[in-house]
Amino acid sequence: MIDLLALCAFNAAYAETIDSDALERWPDFFTDDCHYRITHAENEREGLAAGIVYADSRAMLEDRIAALREANIYERQRYRHLLGIPLLGAQDDTGAEARTPFMVARIMATGQTELFASGIYRDRVVRQDGGLRLRSRVAVCDSTVTDTLLALPL
């Protein structure tokens, strides 16, 4: 069974890793054979599998961070996540389904701050190596408008 408090702490650590620019640790929150996708509510309702960001392995997540650090050119920015309390769904011996609302503020190098994204994480969380890991995280954004500066993970 996945404990709600443990899941809240896991999500807080996940957000802090992104918000504190410790992006090299971000893939550690996922299983090797994970699924990570950022999409929007309309695509999700229509069952469209394509996402704004798509990865189907932890190695792809590691490559994304390496590209952010070494190859991509984008305006420097940072995030601040505000997370709701997860709603645990179906659980079995292998893990649990969870839905967690999120809001992400983006802070630009100029200091300009704006609400960048809101939505819900649709997760499959499993126990692995004594802790929790994401087998799947789909960040379903409320808005169909996607800023071209979506560089950092949500």
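- Under an unreviewed UniProt entry, the name given to the protein is Ortho-halobenzoate 1,2-dioxygenase beta-ISP protein OhbA, and the organism recorded is Piscinibacter sakaiensis.

**Quick word on the pairing of strand E6 (residues 113-128)**
And step 1. Pairing analysis gives 13 bridges linking strand E5 (residues 95-108) to E6, with the strands arranged antiparallel. For valine 104, the partnering residue across the bridge sits in E6 and is alanine 117.
And step 2. Examined bridge by bridge, E6 and strand E7 (residues 131-141) share 10 bridges and lie antiparallel to one another. Opposite glutamine 128, over in E7, you have glycine 131 as the bridge partner.
And step 3. Taking the residues between adjacent antiparallel strands as the criterion, E6 and E7 are bridged by two residues, where aspartate 129 takes a positive phi near 55°.

**Description of the nonpolar core**
And step 1. Formed by 34 residues in total, the largest nonpolar core has its most connected members in Tyr14, Phe30, Tyr36 and Leu154.
And step 2. Those elements giving two or more residues to this core turn out to be helix H1 (4-19), strand E1 (30-40), strand E2 (53-55), helix H3 (58-70), E5, E6 and E7.
And step 3. What tyrosine 36 contacts, discounting residues up to four positions off in sequence, is Tyr14, Trp26, Phe30, Val53, Tyr54, Ala55, Leu61, Arg137, Pro153 and Leu154.

**Some thoughts on the state of the cysteines**
And step 1. A full pass over the atoms with the stated rule returns zero disulfides.
And step 2. The thiol sulfur of cysteine 141 is not disulfide-bonded, and the nearest other cysteine sulfur, from cysteine 34, lies at 18 Å.
And step 3. Given a relative accessible area of 10%, cysteine 141 falls into the buried group.

Cut-off values and rules
- Residues numbered from 1 in each chain as written.
- Predicted model: local features only at pLDDT ≥ 70, side-chain atom pairs only at ≥ 80, totals over all residues.
- Heavy atoms only, no water.
- Pairing = 2+ DSSP bridges.
- Helix = DSSP H or I, 4+ residues; strand = E, 2+ residues; numbered from the N terminus.
- Core = buried A, V, L, I, M, F, W, Y, C linked by side-chain atoms within 4.5 Å.
- Buried < 20%, exposed > 50% of the residue type's maximum accessible area, 1.4 Å probe, protein only.
- Contact = heavy atoms within 4.5 Å.
- Disulfide = S-S within 2.5 Å.

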